[in-house]
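Close look at the chain arrangement
Below are the chains, spelled out letter by letter.
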There are 2 protein chains.
Amino acid sequence: MRIQQLSACTGATIDTLRFYEKKGLITASHFRRGENGYRSYNDTAIERVEMIRRAQSAGFSLAEIAELFDLWDSERLSDDLIVAHLREKQQQIARKIAELEQIQQYLADKIQRLRG
Amino acid sequence: MRIQQLSACTGATIDTLRFYEKKGLITASHFRRGENGYRSYNDTAIERVEMIRRAQSAGFSLAEIAELFDLWDSERLSDDLIVAHLREKQQQIARKIAELEQIQQYLADKIQRLRG
DNA sequence: ATAAACCCTGGAGTATACTCCAGAGTCAAG
DNA sequence: CTTGACTCTGGAGTATACTCCAGGGTTTAT
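So, a few notes on the structure that sits alongside this text. Given the structure is predicted, the values throughout are model-derived calculations rather than measurements. (Residues numbered from 1 in each chain as written. Chains lettered and ligands numbered in written order. Predicted model: local features only at pLDDT ≥ 70, side-chain atom pairs only at ≥ 80, totals over all residues. Heavy atoms only, no water.)

Considering the layout of surface pockets
Note the threshold: Points on a 1 Å grid, built from protein atoms alone, make a cavity when a 1.4 Å probe fits but cannot get out and make a pocket when they are open with protein on both sides within 12 Å along at least 5 of 7 lines; residues with an atom within 4 Å of a point are the lining residues. Grid points are joined across faces, edges and corners, and a volume is the space filled by probe spheres set on the points. The way it works is that DSSP assigns letters per residue, a run of H or I at least four long becomes a helix, a run of E at least two long becomes a strand, and they are numbered from the N terminus.
Considering only enclosed or pocket space, the largest pocket measures out at about 220 Å³ in volume. Around the largest pocket sit S29, H30, T44, E47, R48, M51, F69, W72 and D73 of chain A together with Y106 of chain B, which together line it. The set of elements that each furnish at least two residues to the lining of the largest pocket consists of α3 (44–57) and α4 (62–73) of chain A. With four residues, the top contributor of residues to the lining of the largest pocket is α3 of chain A. Considering only enclosed or pocket space, the second largest pocket measures out at about 150 Å³ in volume. What lines the second largest pocket is Y106 of chain A together with H30, T44, E47, R48, M51, F69 and W72 of chain B. Broken down by secondary-structure element, the contributors of at least two residues to the lining of the second largest pocket are α3 (44–57) and α4 (62–73) of chain B.

Below you can see the structure in the form of structure tokens.
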């Protein structure tokens, strides 16, 4: 799959995809280079981009997402260490969910009052 | 309450508070001006700032938050219209929660695999 | 009354996350 | 073999959300 196709099926622009690569969010494991120098993406790239968009929409910065992916893809860290870090991220996400639920509650209250 | 105290009890810097004001997130209803021109905040300002931080951490831009607050504080819109808009926001939040839960699931799966 | 600590405005500077070229090479169709 | 659609890199430009002055006035404590 070439860059335009990945762009089409993820909704991210071509420039954005190259930007993510520069930031280390898309790596060698997600594409290879043809003899002409063109990027040729495999299917894991789609999943990656979708994950980036999800995490971003949920309030994570690209730096935080990169951190998560490094952990995710890590070969050199001990499993226990990775698990510990992943648990930390889970807690971070749990906090974000709690924040959203609190806003949700405010909205529900407001709606209640308006509807009498 | 003066600006330093609001800063202290919300964690937002003084510059940030003035910035929020410039963006219309903190309004005349949250403070008055003393004779010296100093801002004097009431307690609703604390709630406001905390709400901004929560929403922001959950992935909303200041523009989106301002939109929500406009709705919230609106006197001139019909109640039905406000309710409709608030419901829209609720759905937006529900989507964000779903995204976070999906990431949460990925993390759980990864942890499962690592723990054998 | 003067120093230290606070407040004000306006504007410049920074980090993040894109977005948009310029200038160049590649490839498929006619 | 040229035209049009695609690709590349590097760098400049933009929007958002701060962050940090400069240059001024105010308040509080000594």
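Re the packing of aromatic side chains
Operational definition: Centre distance within 6.5 Å is the pairing criterion for rings of Phe, Tyr and Trp, where only the six-membered ring of Trp is used; planes under 30 degrees apart are then read as stacked, over 60 as edge-to-face, and the remainder as tilted. Categorising residues by exposure relies on relative accessible area from a 1.4 Å probe, with only protein chains included: less than 20% of the type maximum marks a residue as buried, more than 50% marks it as exposed, and the intermediate range marks it as partly exposed.
By the definition in use, this model includes six aromatic pairs over all chains. Both rings, one in Y106 of chain A and one in W72 of chain B, keep their centres 6.2 Å apart while their planes meet at 55 degrees; by these two values the pair is tilted. Of this pair, Y106 of chain A sits in helix α5 (residues 79–114) while W72 of chain B is found in helix α4, placing the two residues in two different chains. Accessibility expressed as a relative area gives 17% for W72 of chain B, which makes it buried. Between F19 of chain B and Y20 of chain B, the ring centres sit 6.4 Å apart and the planes meet at 50 degrees, which makes this aromatic pair tilted. Among the residues examined, F19 of chain B registers a relative accessible area of 35% and is labelled partly exposed.

Notes on the relation of the copies chain A and chain B
Filter applied, for reference: Alignment of the copies relies on least squares applied to C-alpha atoms, considering only residues that score at least 70 for pLDDT in both. Contacts were defined at the residue level, with two residues in contact if any of their heavy atoms lie within 4.5 Å.
Overlay of chain A on chain B (RMSD 0.0 Å): rotation 180 degrees, translation along the axis 0.0 Å. Both copies are brought into coincidence by an operation consistent with a two-fold rotation axis. Within chain A, the C-alpha atom positioned nearest to the axis of rotation is that of G59 of chain A, 1.7 Å from it. Of the interface residues in chain A, 100% have counterparts in chain B that sit at the interface too, so the contact is made through matching surfaces.

Some remarks on the interface of chain A and chain B
Here is the rule: By buried area we mean how much accessible surface two parts lose on assembly, using a 1.4 Å probe and totalling the loss over both. Every case where a carboxyl oxygen of Asp or Glu lies within 4 Å of a side-chain nitrogen of Lys or Arg is listed as a salt bridge. Identification of polar contacts relies on pairs of N or O atoms within 3.5 Å, with a donor-acceptor requirement for protein atoms, meaning one able to donate a hydrogen and the other able to accept it, and with residues adjacent in sequence counted only if both atoms are side-chain atoms. Following the grouping adopted for this structure description, the nonpolar residues are Ala, Val, Leu, Ile, Met, Phe, Trp, Tyr, Cys and Pro, the charged ones are Asp, Glu, Lys and Arg, and the polar ones are all others, Gly among them.
Every contact between the two is made by 34 residues of chain A and, on the other side, 34 residues of chain B. When the buried area of chain A at its contact with chain B is split by residue, R54, W72 and L100 of chain A rank highest and sum to 17% of it. There are zero salt bridges connecting chain A and chain B. If you look at where chain A meets chain B, you find 10 residue pairs in polar contact (both at pLDDT 80 or more). Of all the secondary structure elements, the ones that give two or more residues to the side of chain A that touches chain B are α3, α4 and α5 of chain A. Of all the elements, α5 of chain A adds the most residues to the side of chain A that touches chain B, at 23 residues. Tallied by class, residues from the side of chain A that touches chain B come to 19 nonpolar, five polar and 10 charged.

These values are about where atoms sit, not about what they do.
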